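Chain by chain, the residues:
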Amino acid sequence: MELMLKMDLPKSEKTISHGQNILAVGSCFTEHIGAALTGLKFNVLQNPNGILFDPASVATSVTSYIQNHQYAESDLFQLGEIWHSWRHHSHFSGTDKNAVIDKINNAQQEAHQFITGADWLMITLGTSFSYRLKKDRNNEELLMNFAKAESDGSVANCHRAPAQWFQKHLLTVDEIVARIDGMMHQLFHVNPNINIIFTVSPVRHIRDGLVENNRSKARLLEAVHHLVGKFNRLFYFPSYELVMDVLRDYRFYAEDMVHPNYLATDFVLQQFTNVFMTEETNTLNRELKKLQNARKHRSAFPATAAHQAFLKNNLEKVKAMQQQYPFLNLFEEIAYFSTGGR
């Protein structure tokens with residue numbers, strides 16, 4: 001008896017290898033997959049603006065990397081004692097506006113250098129809902145400065161500003177396609193060899209309501225499939241369907257019953273590597289996974305001969321792997337096992 005639906009995923013005609021550069025942008029699900037790939041020693045740059053949920057924010061941010069846009073003090077706003085950017089996650093925010101600008105522009109410069117030589121752009125879209133600053137007497141100055149960069153006033157992060165400052169807008173399929181299509185044309189001009197993987201996050205935005213969340217996801221899916229049909233360098237990976245239709249069980253979710261847990265994200269990662277990587281690359285992934293697990297090991301008795309032999313054995317494995325695969329960065333692992341696991 002089958003206990004779940006099967007989903008046959010064909011191998012991609014273009015594959016990802018460890019020597020390539022991957023820029024991952026989008027929702028928090030991007031962070032999970034990006035972190036897992038980083039752990040497997042892929043060269044990944046994750047979310048230079050921080051987590052982004054809607055297509056407008058993703059398209060604007062990627063375009064800013066292409067253009068190497070540098071932010072100024074006028075792009076920030078102060079809420080209480082904290083300076084924020086409407087374009088960036090709150091981990092860029094701070095009490096010193098000069099430090100905030102420096103942090104943002106350093107990330108912009110890194111992203112610009114990375115994207116012009118990237119082999120892959122992985123975009124994970126979370127919602128079709130976009131939040132736009134209203135123009136009123138309470139925030140007219142904020143909108144005036146912000147509108148220089150964004151004609152419709154859409155923001156990537158609301159930073160817990162008063163709800164009455166914003167208008168919630170459900171992007172149409174045509175709006176999503178237009179925003180991402182415009183970004184892609186600029187991207188292909190500066191990097192004609194880049195490939196793009198689209199995926200839709202399986203994380204449900206229940207604050208929007210279950211019906212509204214489904215409408216939102218449906219628009220993302222329709223827009224993405226329209227885009228993928230336009231170019232042979234665009235690919236769709238069904239992370240949404242794998243969680244919602246294959247796993248389809250709350251045991252694969254965290255306590256909030258919204259975010260997929262480790263089992264679910266690991267399952268999706270396995271399917272991703274099966275689709276986009278060769279057997280040779282996946283064999284190396286399995287060896288790197290063993291190395292990861294060995295590094296996580298914590299001995300209750302580190303001075304014992306058994307633990308010292310464990311460290312020595314793994315150090316020899318790492319050095320041999322580094323020699324065999326010189327393109328891998330295993331310096332941290334070599335240092336870890338060389339210094340007795342410290």
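Residues numbered from 1 in each chain as written. Predicted model: local features only at pLDDT ≥ 70, side-chain atom pairs only at ≥ 80, totals over all residues. Heavy atoms only, no water.

**Some words on the overall build of the chain**
Within the chain, the secondary structure is distributed over 11 helices and 10 strands. Taking 342 residues into account, the globule formula puts the C-alpha radius of gyration at 20 Å, and the chain, at 22 Å, falls close to it. When the backbone C-alpha atoms are referred to their principal axes, the chain occupies close to 70 × 55 × 45 Å. Looking at the chain as a whole, 51% of its 342 residues qualify as buried. Taking all contacts inside the chain whose residues are at least 6 apart in sequence as the whole, residues at least 24 apart take part in 72%. Accessible surface computed for the chain: about 17300 Å², of which carbon and sulfur atoms make up 52%. A distance of 4 Å separates the average location of the 34 positive side-chain charges in the chain from that of its 35 negative side-chain charges. (Helix = DSSP H or I, 4+ residues; strand = E, 2+ residues; numbered from the N terminus. Rg over C-alpha atoms; globule rule 2.2 N^0.38 Å. Buried < 20%, exposed > 50% of the residue type's maximum accessible area, 1.4 Å probe, protein only. Contact = heavy atoms within 4.5 Å. Areas by Shrake-Rupley, 256 points an atom, 1.4 Å probe, with all protein chains shown as cover. Lys, Arg positive; Asp, Glu negative; His and termini not counted. Charge placed at Lys NZ, Arg CZ, Asp CG, Glu CD.)

**Details of the sheet that holds strand S5 (residues 120-125)**
Strands pair in a sheet through their backbones, by hydrogen bonds, and they do so in one of two ways: parallel or antiparallel. Spatial strand order, S2-S1-S5-S9-S10: 5 strands in an open sheet with parallel pairing. Each edge of the sheet is formed by a strand with only one pairing partner; in this case those strands are strand S2 (43-46) and strand S10 (234-236). Here the average twist between neighbouring strands, direction ignored, is 20 degrees. As paired strands, S5 and strand S9 (residues 195-200) are joined by 6 bridges and run parallel to one another. Bridge pairing links Trp120 to Asn195 in S9. (Pairing = 2+ DSSP bridges. Axes fitted to C-alpha atoms, helices over the stretch in contact; angles between N-to-C directions.)

**Remarks on helix H2 (residues 55-66)**
Taking 1.5 Å of rise per residue, the 12 residues of H2 would be expected to cover 16 Å, and the 16 Å separating its terminal C-alpha atoms lies within 8% of that figure. With 12 of 12 residues buried, H2 is to be regarded as a mostly interior element. Measuring from the side-chain oxygen of the N-cap residue of H2 to the backbone nitrogen of Ala56 gives 3.1 Å; that N-cap residue is Asp54. Asn68 sits one or two residues past H2 and shows a positive phi near 55 degrees. (Expected span 1.5 Å × (residues − 1). Polar contact = N/O pair within 3.5 Å; in protein donor to acceptor, adjacent residues only side chain to side chain.)

**A few points about the nonpolar core**
One broad rule of soluble globular proteins: the nonpolar side chains tend to lie buried together. Core analysis: the biggest nonpolar cluster contains 79 residues, and Leu37 and Phe198 have the highest contact counts within it. The biggest single contributor to this core is helix H5 (residues 173-190), with 7 residues. With residues near it in sequence (within four places) discarded, Phe198 still touches Ile123, Ile180, Met184, Val224, Leu227, Val228, Leu234, Phe235, Tyr236 and Phe237. In terms of nonpolar packing, the next biggest core, distinct from the first, is built from 8 residues, Tyr71, Trp83, Ile101 and Ile104 among them. (Core = buried A, V, L, I, M, F, W, Y, C linked by side-chain atoms within 4.5 Å.)

**Quick look at unusual backbone geometry**
Trans peptide bonds make up most of the peptide bonds, and negative phi angles are found at most residues other than glycine. Although it is not a glycine, Asn68 sits at a positive phi angle of roughly 55 degrees. Position of Asn68 among the secondary structure elements: in the loop between H2 and strand S3 (76-79). Unusually for a residue other than glycine, Arg160 sits at a positive phi of about 60 degrees.

**Structural notes on the pattern of salt bridges**
Summed over the entire model, instances satisfying the criterion amount to 11 salt bridges. Here Glu73 and Lys97 are joined by a salt bridge, their closest N and O atoms 3.3 Å apart. Separated by 24 residues along the polypeptide, Glu73 in the loop between H2 and S3 and Lys97 in helix H3 (residues 97-115) bring together distant segments of the chain. The closest approach of N and O atoms between Lys230 and Asp181, which form a salt bridge, is 3.1 Å. Residue Lys230 is located in the loop between helix H6 (210-228) and S10, and its partner Asp181 is located in helix H5; the two are separated by 49 residues in the primary sequence. On the basis of relative accessibility, which here comes to 40%, the residue Lys230 falls in the partly exposed class. Here the salt bridges do not stand alone but share partners, grouping Lys41, Arg295, Glu332 and Glu333 into one network. (Salt bridge = Lys/Arg side-chain N within 4 Å of Asp/Glu carboxyl O.)

**Focus on the state of the cysteines**
The final tally for this structure, using the stated rule, is 0 disulfides. Summary of cysteine pairing: Cys28 is not part of a disulfide, and the nearest cysteine sulfur, belonging to Cys158, is at 16 Å. Judged by relative accessible area, Cys158 falls into the partly exposed class, the value being 22%. (Disulfide = S-S within 2.5 Å.)

**So, the pairing of strand S4 (residues 82-85)**
Across 4 bridges, the pairing between S3 and S4 is antiparallel. Its bridge partner being in S4, Phe77 is matched across the sheet by His84. In textbook terms, the turn of a hairpin is the stretch between consecutive antiparallel strands, and for S3 and S4 this stretch comprises 2 residues, one of which, Gly80, has a positive phi near 70 degrees.

**As for the sheet that holds strand S8 (residues 166-170)**
The strand order across the open sheet built from 3 strands is S7-S6-S8, with neighbouring strands paired in antiparallel fashion. Of all strands in the sheet, those with a lone pairing partner are strand S7 (154-155) and S8, marking the two edges. Looking at chain direction, strand S6 (residues 129-133) and S8 are connected through 5 bridges and run antiparallel. When the bridges of S8 are listed, Phe129 appears paired with Leu170.

Bear in mind that shape data such as this cannot, by itself, settle questions of function.
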